[in-house]
Amino acid sequence: MKHRILLILLLVLCGEWVSAQKSETKDTPSTDTIQIKGLIILKSRNEKGRNSYKFYRDTAYARNKLKRNLHTKWFVFDIGFNNYIDKSDYGGASFINYYPNNYMYYNGAQGSVVNRAYDYSPAALANFAPREASNPLTPSEFKLITGKSINFNIWLFQQRLNITKHKLNLLYALGLEMNNYRYARSITYLPGYPTQIIRDTVEFSKNKLFAEYISIPLMLNFNSNPARPGRAFQASFGVSGGYLLKSRTKQISEERGKVRKTDDFNLNKWRFGLTSELGYGPVKLYGNFALTPLHDYGLQQYPFSIGLRLNGF
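Residues numbered from 1 in each chain as written. Predicted model: local features only at pLDDT ≥ 70, side-chain atom pairs only at ≥ 80, totals over all residues. Heavy atoms only, no water.

(A) The nonpolar core, seen in detail. Core analysis: the largest hydrophobic core is formed by 18 residues, its most contacted members being Phe142, Tyr183, Ile197, Leu209 and Leu267. Listing elements by their share of this core, those giving two or more residues are β11 (187-190) and β13 (206-223). The element contributing the most residues to this core is β13, with three residues. (Core = buried A, V, L, I, M, F, W, Y, C linked by side-chain atoms within 4.5 Å. Buried < 20%, exposed > 50% of the residue type's maximum accessible area, 1.4 Å probe, protein only. Helix = DSSP H or I, 4+ residues; strand = E, 2+ residues; numbered from the N terminus.)

What follows is the structure, encoded as structure tokens:
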């Protein structure tokens, strides 16, 4: 009899404990914690089953991160626009005719210049923008459509090296700069040596020159608030060097369809210039200005690009 009474009491106590646990689970809000690098996210569920989120910054993570003198970001992307400052002397001695006695035109079907005369004298080789009889190419014929002259860069990695208290840093990267120069007029690059540019006889719906460089920028970086990069003002300024990997032209017209040509087109193999970035928090703007002309000889066009920089990973 005593054993039965003890068993009944034990069952009653177990039932009360299970009921209490169920009540506690139902009535007490649950909380989950998620941490992504320096960001802490608290997820809570109230009595009605609705989720709420609170965000906190892990100051300990930021302090530990500041102890590292080298910070690396992978796959930083730039998207912007190209143009150039044209300092070419279109009326000077460097633009002596390639074709002093011959009328020249471009035969699109044959892909060649018909009835042309070459002049390999030093003065002629210094020339790059040829004339048609007494009608030379003009600066307006090298005008770009800025909104379609896209600059896209991929920085494989970007590193920031601490110099002084993480406020003054050395910033450098390695990546690819891809530049599209979309021409507004009907001019055509002719591959070969010497490279020639002619005034064409058709209207192009697309007429562009593409140049890709492998580049290394080196900048001094100022960071106003290293402990809180999301609220920091940053400014960087320095130099950049690059080497031409490939170049090509692409033209689309009703008469010839789509035509691509691959050549160096007398482009400068080496590129040296100034580079900078300016930003607040995750939003950054970049700017590049070449100190070397786009072409190796003849034309004196100095490219520049501006745009938006995405932080990477």
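(B) Spatial organisation of the packing of aromatic side chains. Counted according to the given criterion, the structure contains six aromatic pairs. Aromatic side chains tyrosine 84 and tyrosine 181 sit 6.4 Å apart centroid to centroid with 45° between the ring planes, which places their arrangement in the tilted category. Separated by 97 residues along the polypeptide, tyrosine 84 in strand β4 (residues 70-86) and tyrosine 181 in strand β10 (residues 168-182) bring together distant segments of the chain. For tyrosine 181, a relative accessible area of 0% gives the class buried. The structure contains a cluster of three or more aromatic residues connected by ring pairs, namely Tyr183, Tyr189 and Phe265. Here the basic side chain of arginine 248 rests over the ring of phenylalanine 210, its NZ or CZ set 4.3 Å away from the ring centre. Above the plane of the ring of tyrosine 213 lies arginine 271, whose end atom (NZ or CZ) is 4.8 Å from the centre. (Phe/Tyr/Trp six-rings, centres within 6.5 Å; stacked < 30°, edge-to-face > 60°. Lys NZ or Arg CZ within 6 Å of the ring centre and 35° of its normal.)

(C) Expanded view of the side chain of serine 88. Here serine 88 is to be found in the loop between β4 and β5 (105-107). Classification of serine 88 by relative accessible area gives buried; the value is 12%. Side-chain polar atoms of serine 88 contact the side chain of aspartate 86, separated by 2.8 Å. Among the polar contacts made by the side chain of serine 88, one reaches the main-chain amide nitrogen of glutamine 300 at a distance of 2.7 Å. (Polar contact = N/O pair within 3.5 Å; in protein donor to acceptor, adjacent residues only side chain to side chain.)

(D) Structural detail: the side chain of lysine 284. Along the chain, the position of lysine 284 falls in strand β17 (residues 283-290). Among residues more than four places away in sequence, those in contact with lysine 284 are Lys73, Gln234, Glu277, Leu278, Gly279, Gly307, Leu308, Arg309 and Asn311. (Contact = heavy atoms within 4.5 Å.)

(E) Representation of a nonpolar patch on the surface within the structure. A cluster of nonpolar residues, Ile79, Phe152, Val283, Leu285, Leu308 and Leu310, forms a patch on the protein surface that exposes about 500 Å² of accessible area. Among the secondary structure elements, those contributing two or more residues to the nonpolar patch are β17 and β18 (301-310). Along the chain, the position of leucine 310 falls in strand β18. (Patch = residues over 30% accessible without salt bridge, like charges linked within 9 Å, V, L, I, M, F, W, Y side chains within 5 Å. Areas by Shrake-Rupley, 256 points an atom, 1.4 Å probe, with all protein chains shown as cover. Salt bridge = Lys/Arg side-chain N within 4 Å of Asp/Glu carboxyl O.)

(F) Structural context of empty space enclosed by the protein. Enumeration over the complete set of coordinates arrives at four cavities of 30 Å³ or more. What lines the largest cavity is Glu177, Ser215, Ser240, Gly241, Gly242, Arg271, Phe272, Gly273, Leu274, Asn288, Phe289 and Ala290. The element best represented in the lining of the largest cavity is strand β16 (residues 270-280), accounting for four residues. The residue makeup of the lining of the largest cavity, split by class, is four nonpolar, six polar and two charged. (1 Å grid on protein atoms, 1.4 Å probe; cavity = no way out; pocket = protein on both sides within 12 Å on 5 of 7 lines; lining within 4 Å. Points joined across faces, edges and corners; volume = space filled by probe spheres on them. Nonpolar A, V, L, I, M, F, W, Y, C, P; charged D, E, K, R; others polar.)

(G) Representation of the pattern of salt bridges. Counting across every chain of the model gives six salt bridges. Here arginine 199 and glutamate 141 are joined by a salt bridge, their closest N and O atoms 2.5 Å apart. Of the two residues, arginine 199 sits in strand β12 (residues 196-199) while glutamate 141 sits in the loop between β8 (135-136) and β9 (150-164), which places them 58 residues apart along the sequence. With a relative accessible area of 11%, glutamate 141 lands in the buried category. We note a salt bridge from arginine 256 to aspartate 200, for which the minimum N-O separation is 2.8 Å. Taken together, the residues arginine 256 in the loop between β14 (233-253) and β15 (257-262) and aspartate 200 in the loop between β12 and β13 connect sequence positions 56 residues apart. Overlapping salt bridges bring together Asp78, Glu277, Lys284 and Arg309 as one network.

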